[in-house]
Amino acid sequence: MNRKIMGCLLLITVTFGYTQRQGFPVRVLVGNEATALPYSSFWSNPVHPSFQLGTEIRYNNHQFHYWYQTINAGFIYHENLYQGAYLNTELGYDYRLGFGLNLKGLVGVGYLHTFAANEEYQFEDGEYLNGKDSGNSRVMPSLSMGLGYRINRRESNPLELMLLYQSRLEFPYSPGFISLMPHTNLSM
């Protein structure tokens, strides 16, 4: 399991280093992930941490709005369910209000690879044996909305504090039993 975590950290480090050299903005989000129906709750207990590092490519930079695409790598830890690493991209639209506030909307798709949080066992030859967890691959579409506040908004690439509420689907979750698993993630 340590090799998998180290691989994720290496991927995040390489992404961060590349975007810094190319002059792209860096996006760092820390959040609370939950297996929940979208818009049914804003915050969940217990907290299941998520971390995302990414960048964005801007397609325009108008005074009142702009379109952009994000490229992200992230990690989710759900204590009783799984830990997972993902790569995703989102198409985003921000509407800028004159006093530094941005209204955000994003739609995305990604790849999620999860590993069981607890030991797994397999039934073979009449007994349970400790199983090997190679993880599960899943498609992860997402829909996000949020608010951002641009600090020093007169600069060409200002620092922005943001709050995003993301709805995700995990497919296939458990073929033949539960095909879609909904998730929410509140990130800052």
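Anything mentioned here points back to the structure above.
Numbers given to residues run from 1 along each chain, matching the order in which its sequence is written. This being a predicted model, a pLDDT of at least 70 is required before a residue's local features are given, and a value of 80 or more before pairs of side-chain atoms are given or counted; all residues contribute to the totals for chains, interfaces and linings. Note that water and hydrogens are dropped before the side-chain values are worked out from all heavy atoms of the structure.

Draft legend 1. Focus on a nonpolar patch on the surface. Candidate patch residues must exceed 30% relative accessible area and have no salt bridge, after which like charges are joined if within 9 Å and Val, Leu, Ile, Met, Phe, Trp or Tyr side chains if within 5 Å. Residue exposure ignores everything except the shown protein chains as possible cover, and the areas themselves are Shrake-Rupley values with a 1.4 Å probe. Note on definitions: salt bridges are taken to be side-chain nitrogens of Lys or Arg within 4 Å of carboxyl oxygens of Asp or Glu. A grouping of Tyr59, Trp67, Leu91, Val107 and Leu143 is seen on the molecular surface, where their side chains present a nonpolar patch of about 500 Å² in accessible area. Structurally, Trp67 is set in strand β3 (residues 65–78). When accessible area is computed with a 1.4 Å probe and restricted to protein chains, residues below 20% of their type maximum are described as buried, those above 50% as exposed, and intermediate ones as partly exposed. Exposure remark for Trp67: the relative accessible area of 40% places this residue in the partly exposed category. The helix and strand labels rest on DSSP assignments: H or I over at least four residues marks a helix, E over at least two residues marks a strand, and numbering proceeds from the N terminus.

Draft legend 2. How the structure looks around the pattern of salt bridges. Counted under the stated rule, the structure contains five salt bridges. Between Glu56 and Arg27 there is a salt bridge whose closest N-O contact spans 3.1 Å. One end of the pair, Glu56, is in strand β2 (residues 49–58); the other, Arg27, is in strand β1 (residues 26–34), with 29 residues separating them in the sequence. Residue classification places Arg27 among the buried positions, given a relative accessible area of 5%. Two residues, Glu56 and Arg58, come together in a salt bridge whose shortest N-O distance is 2.9 Å. On the basis of relative accessible area, Glu56 is assigned to the buried category, the value being 5%. One connected set of salt bridges, linked through shared partners, spans Arg27, Glu56 and Arg58.

Draft legend 3. Representation of the nonpolar core within the structure. As used here, the term nonpolar core means buried Ala, Val, Leu, Ile, Met, Phe, Trp, Tyr and Cys residues forming a set that is joined through side-chain atoms within 4.5 Å. Judged by nonpolar contacts, Leu29, Tyr66, Tyr68, Leu106, Met162 and Leu164 together constitute the single largest core of six residues. Counting only elements with at least two residues in this core, the list comes to β3 and β10 (159–170). Note on definitions: a residue-residue contact is assigned when non-hydrogen atoms from the two residues lie within 4.5 Å. For Leu164, the contacting residues outside a window of four places in its chain are Arg27, Leu29, Lys104, Leu106, Met145, Gly146, Asn185, Leu186 and Ser187.

Draft legend 4. Broad picture of the packing of aromatic side chains. Here is the rule: rings of Phe, Tyr and Trp (six-membered ring for Trp) pair when centre to centre is within 6.5 Å. Planes less than 30 degrees apart are stacked, more than 60 are edge-to-face, and the remainder are tilted. Enumeration over the complete set of coordinates arrives at two aromatic pairs. Between the aromatic rings of Tyr66 and Tyr68, the centroid separation amounts to 5.2 Å while the plane-to-plane angle is 40°, which identifies the pairing as tilted. Residue classification places Tyr66 among the buried positions, given a relative accessible area of 1%. Tyr68 sits in the buried class, given a relative accessible area of 0%. Ring geometry for Trp67 and Tyr93: centres 4.8 Å apart, planes at 50°, overall tilted. Here Trp67 is found in strand β3, whereas its partner Tyr93 is found in strand β4 (residues 82–96), with 26 residues between them in sequence.

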